[in-house]
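# A look at the structure
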Amino acid sequence: MTEPEVPLDDDEFVKRAQHGDLEAYELLVARHSAAAYRTAVLLGAGSDAEDVVQEAFVKGYRKLARYRGEASFRSWLLAIVANETRNLHRSRTRRDGLVLRAAAADPEPAIAGDGAVGAVLAAERRTMLVEALRRLPAKDREVIVCRFFLDLNEDETVTMLGWPRGTVKSRTSRALAKLRAMLDLQEVHHG
């Protein structure tokens, strides 16, 4: 009788990949692809999200020897995705190319209640949220995406954005206040 297989954690896969085990890195890629893609989309990569994620995984592999484990592999990798997304923004000639597809990232949201009216109201609220999020300054949008759309904790957000802890705390607070004010204003205009 064989013992049940215990799934390996990221640290074990990272160690194996750092010693040349390509299959271990492929498993890390498979494990974190969805989060990386969601990060790229929510940070505004739009239709280029797959390219951003692919480039981030390639750069992650090249930089794997420098990964020391101070932060989780996930937050380290998502920081690379965020940097690649920023590089994409810098390289774009059109500033209106910032596209967030938060709704596309969750095509079948849980809708409270029952029936068509609830679905329409939920879609309207989601649209209003995405529109308000798009109007936030880039750094405010990044911290909101990290903390609330990607559900990263404070340490992971610090790692991903490369900001001091105090900056993450204060920017989160200010960004939420701005977002609430925008949503309140939209609510007044829409009735």
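Located above this text is the structure these notes cover.
A brief structural summary. As the structure is a computational prediction, the values presented were derived from the model and not from experiment. (Residues numbered from 1 in each chain as written. Predicted model: local features only at pLDDT ≥ 70, side-chain atom pairs only at ≥ 80, totals over all residues. Heavy atoms only, no water.)

## Description of the overall build of the chain
In terms of regular secondary structure, the chain is built from nine helices and zero strands. Along the chain, helices (α) and strands (β) appear in the sequence α-α-α-α-α-α-α-α-α when read from the amino end. Taking all 191 residues of the chain together, the buried fraction comes to 39%. For the chain, the exposed area adds up to about 11,600 Å²; of that, 53% sits on carbon and sulfur atoms. (Helix = DSSP H or I, 4+ residues; strand = E, 2+ residues; numbered from the N terminus. Buried < 20%, exposed > 50% of the residue type's maximum accessible area, 1.4 Å probe, protein only. Areas by Shrake-Rupley, 256 points an atom, 1.4 Å probe, with all protein chains shown as cover.)

## Some words on unusual backbone geometry
In terms of backbone geometry, most residues other than glycine have negative phi values and most peptide bonds are trans. For Asp151, which is not glycine, the phi torsion reads 60° and is therefore positive. Along the chain, Asp151 turns up in the loop between α7 (138-149) and α8 (154-161).

## Notes on helix α2 (residues 22-42)
With 21 residues, α2 ought to run about 30 Å at 1.5 Å a step, and its terminal C-alpha atoms sit 29 Å apart, in line with that. Of all the bends in α2, the largest measures some 55° and sits at His32. Here α2 has its buried residues at Ala24, Tyr25, Leu28, His32, Ala35, Ala36, Thr39, Ala40, Val41 and Leu42. The opening residue of α2, the one whose side-chain oxygen lies 3.1 Å from the backbone nitrogen of Glu23, is Asp21. (Expected span 1.5 Å × (residues − 1). Bend = angle between axes of the 7 residues up to and from the residue. Polar contact = N/O pair within 3.5 Å; in protein donor to acceptor, adjacent residues only side chain to side chain.)

## Some remarks on the environment of Gly60
Tracing the backbone through its elements, the reader meets Gly60 in helix α3 (residues 49-62). The buried category is assigned to Gly60, whose relative accessible area is 0%. Residues Gly60 and Val81, 21 residues apart in the sequence, show an inter-C-alpha distance of 9.1 Å. Other than its neighbours up to four places away in sequence, Gly60 contacts Tyr25, Trp76 and Ile80. (Contact = heavy atoms within 4.5 Å.)

## Some remarks on the side chain of Ser75
Considering the arrangement of structural elements, one finds Ser75 in helix α4 (residues 73-91). Looking at Ser75, the relative accessible area reads 1%, which means it is buried. If we skip the residues at most four places from it in the chain, Ser75 touches Glu156, Thr159 and Met160.

## Some details on α4
The α-helix advances 3.6 residues per turn, and as a result positions three or four apart in sequence lie on the same side. For α4, which comprises 19 residues, the first-to-last C-alpha distance of 27 Å matches the rise-based estimate of 27 Å (1.5 Å per residue) to within 8%. Within α4, 14 of the 19 residues are buried, leaving the element largely enclosed by the surrounding structure.

## Thoughts on the nonpolar core
What tends to happen in soluble globular proteins is that the nonpolar side chains get buried as a cluster. Counting 46 residues, the largest nonpolar core has Tyr25, Ala40, Leu64, Phe73, Val143, Ile144 and Met160 as the members making the most contacts within it. When residues of this core are traced back to their parent elements, those giving at least two are α1 (10-18), α2, α3, α4, α6 (116-135), α7, α8 and α9 (165-190). By residue number, the principal contributor to this core is α4, which donates nine residues. Ignoring anything within four residues of it in the chain, the contact list for Leu64 reads Val14, Ala17, Gln18, Tyr25, Phe73 and Trp76. (Core = buried A, V, L, I, M, F, W, Y, C linked by side-chain atoms within 4.5 Å.)

## Some points on the pattern of salt bridges
Scanning all chains against the criterion turns up 10 salt bridges. Asp140 is paired through a salt bridge with Arg171; the nearest N and O atoms lie 3.1 Å apart. Here Asp140, found in helix α7, pairs with Arg171, found in helix α9; they are 31 residues apart in sequence, far enough to count as distant. The salt bridge partner of Arg165 is Glu154, with a shortest N-O separation of 2.9 Å. Of this pair, Arg165 sits in helix α9 while Glu154 sits in helix α8; the two residues are 11 residues apart in sequence, bridging distant segments of the chain. Several salt bridges converge on common partners, so that one network encompasses Glu154, Asp155, Arg165 and Lys169. (Salt bridge = Lys/Arg side-chain N within 4 Å of Asp/Glu carboxyl O.)

## As for the packing of α4 against α8
Orientation of α4 relative to α8, taken along the N-to-C sense of each, is 40°, at an axis distance of 7 Å. The angle between the axes of α4 and α8 places the two elements in the oblique class. Regarding α4 and α8, the two cross each other, and that crossing is right-handed. Touching Arg74, Ser75, Trp76, Leu78, Ala79, Ala82 and Arg86 of α4 are Glu156, Thr159, Met160 and Leu161, all from α8. (Axes fitted to C-alpha atoms, helices over the stretch in contact; angles between N-to-C directions. Parallel < 35°, antiparallel > 145°, perpendicular 65-115°, else oblique. Left-handed = near helix turned anticlockwise from the far one by under 90°.)

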